[in-house]
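# Tertiary structure, described
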Amino acid sequence: MRVVGIGGTLRAGSSSERLGRAVLAACEVRGASVRMFDGPHLAQLPHFDPAMPDRSPAEAELVEAVRTADALVIASPGYHGGVSGLVKNAIDLLEDLRGDARPYFDGRPVGLIVSAAGWQAGGVTLAALRGIVHAMRGWPTPIGLAVNSIEQKPFDAEGNLAETGISAAVEAMADQLMQGVRPGA
Ligand SMILES: Cc1cc2nc3c(=O)[nH]c(=O)nc-3n(C[C@H](O)[C@H](O)[C@H](O)COP(=O)(O)O)c2cc1C
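An unreviewed UniProt entry lists the protein chain under the name FMN reductase, with Sphingomonas yantingensis given as the organism.

So, in structure tokens, the structure goes:
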């Protein structure tokens, strides 16, 4: 089982990236092979142009990984009340999967994570990601994770998950991702 993560920011120590990696690590413990496309990778992607068929190695790698994934994790910061441009540009590139036998995220579970400095941006950005996944034929896991990066400190100095509620949500999301895979889908 392959789980692919997309997300994070270009900020050193990006909390959205770390939360995405935490869910991937929990999936790995459950037997999945995992791959994270983090902020620096996403920053290599040119602005998506529907009229331009050529793909850079960084673009082709992301498209192929999502094509062959059994489950996905998307982690965005709340930027100005929504999904960051960096993350959305990567999602838009997945238009390349439109003509596949299994288009976009078809039939696959997608875990959604938001880190924002306020609860309002966390909630609306998580809802926006759910809308995106529905548009792309995926199944958002029932557990979504919106972390308030001002009021909550998900990680300790060693980089381990430090808040019980967030750890429980990460584990539950990994369970739902692994349970949501339909063999042969
Ligand atoms: C350009 C920009 C816009 C932001 N807009 C919002 C916002 O509208 N609401 C909010 O709560 N936080 C906002 N933030 C704060 C980030 O969502 C918050 O710091 C988040 O935890 C950053 O994620 P990261 O740790 O992965 O970089 C913004 C930050 C930046 C840099």
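Turning next to the overall build of the protein chain. From N to C terminus, the protein chain includes six helices and seven strands. Counting from the amino terminus, the protein chain carries its helices and strands in the arrangement β-α-β-α-α-β-β-α-β-α-β-β-α. In terms of overall size, the protein chain behaves like a compact globule, its C-alpha atoms giving a radius of gyration of 15 Å where 185 residues would be expected to give roughly 16 Å. With the principal axes as the frame, the protein chain shows a C-alpha extent of 45 × 35 × 25 Å. The contacts of the protein chain with a sequence gap of at least 6 include a subset with a gap of at least 24, amounting to 75%. Put simply, the protein chain shows about 8500 Å² of open surface, and 55% of that area lies on carbon and sulfur atoms. Considering the protein chain, the positive charge centre built from 16 side chains and the negative charge centre built from 20 side chains are found 4 Å apart.

Here we come to the pairing of strand β1 (residues 2-7). Among the six residues of β1, five are classified as buried, and the element is accordingly described as predominantly covered. Relative to strand β2 (residues 33-37), β1 runs parallel, the two being bridged by five bridges. Bridged to Gly5 within β2 is Met36. For the segment spanning β1, helix α1 (residues 15-29) and β2, crossover handedness is right-handed.

Another point: the side chain of Ser15. Of note, Ser15 is situated in helix α1. For Ser15, a relative accessible area of 18% puts it in the buried group. In this view, Ser15 contacts Ser115, Ser149 and Phe155; residues no more than four positions away in its chain are not counted.

One pass over the structure, following the stated rule, counts zero aromatic pairs. Positioned above the aromatic ring of Phe155 is the side chain of Arg18, whose terminal nitrogen or guanidinium carbon lies 4.4 Å from the ring centre. Note that Arg35 overlies the ring of Phe37, its terminal NZ or CZ placed 4.2 Å from the centroid.

Time to look at the pattern of salt bridges. Under the definition given, this model contains ten salt bridges. Across the salt bridge formed by Arg21 and Glu17, the nearest N and O atoms sit 2.8 Å from each other. Of this pair, Arg21 and Glu17 both sit in helix α1, four residues apart, which is roughly one turn of that helix. Residue Glu17 is classed as buried on the basis of its relative accessible area, which comes to 16%. A salt bridge links Glu61 to Arg35; the shortest N-O distance between them is 2.7 Å. Taken together, the residues span a long stretch of sequence, with Glu61 in helix α3 (residues 57-67) and Arg35 in strand β2 at a distance of 26 residues. On the accessibility criterion, Glu61 (35% relative accessible area) is partly exposed.

The rules behind each value
- In this numbering scheme, every chain counts its residues from 1 along its sequence in written order.
- Only residues with pLDDT of at least 70 are given local features in this predicted model, and only at 80 or more are side-chain atom pairs given and counted; all residues enter the totals for whole chains, interfaces and linings.
- The basis for every side-chain value is the complete set of heavy atoms in the structure, and neither hydrogens nor water enter the calculation.
- Elements are defined by DSSP. Helices are runs of H or I of four residues or more, strands are runs of E of two residues or more, and each kind is numbered from the N terminus.
- The atom set for the radius of gyration is the C-alpha atoms, and the globule formula is 2.2 Å times the number of residues raised to the power 0.38.
- Contact definition: two residues touch when any of their heavy atoms are within 4.5 Å.
- Using the Shrake-Rupley algorithm and a 1.4 Å probe, accessible areas are obtained, with residue cover drawn only from the displayed protein chains.
- Charge assignment: positive for Lys and Arg, negative for Asp and Glu; neither His nor the chain ends contribute.
- Every charge is mapped onto a representative atom, which is NZ of Lys, CZ of Arg, CG of Asp or CD of Glu.
- A 1.4 Å probe rolled over the protein chains alone gives each residue an accessible area, and that area as a share of the maximum for its type sets the label: buried under 20%, exposed over 50%, partly exposed in between.
- By this definition, two strands are paired if DSSP reports at least two bridges between them.
- Note on handedness: a crossover is taken as right-handed if, strands pointing away from the viewer, the path from the first strand over the helix to the second is clockwise.
- Pairing of aromatic rings covers Phe, Tyr and the six-membered ring of Trp, with a centre-to-centre limit of 6.5 Å; geometry is then stacked below 30 degrees between planes, edge-to-face above 60, and tilted otherwise.
- Placement of a charge over a ring requires the Lys NZ or Arg CZ to be within 6 Å of the ring centre, with the centre-to-atom vector within 35 degrees of the ring normal.
- We define a salt bridge as a contact between a side-chain nitrogen of Lys or Arg and a carboxyl oxygen of Asp or Glu at a distance within 4 Å.

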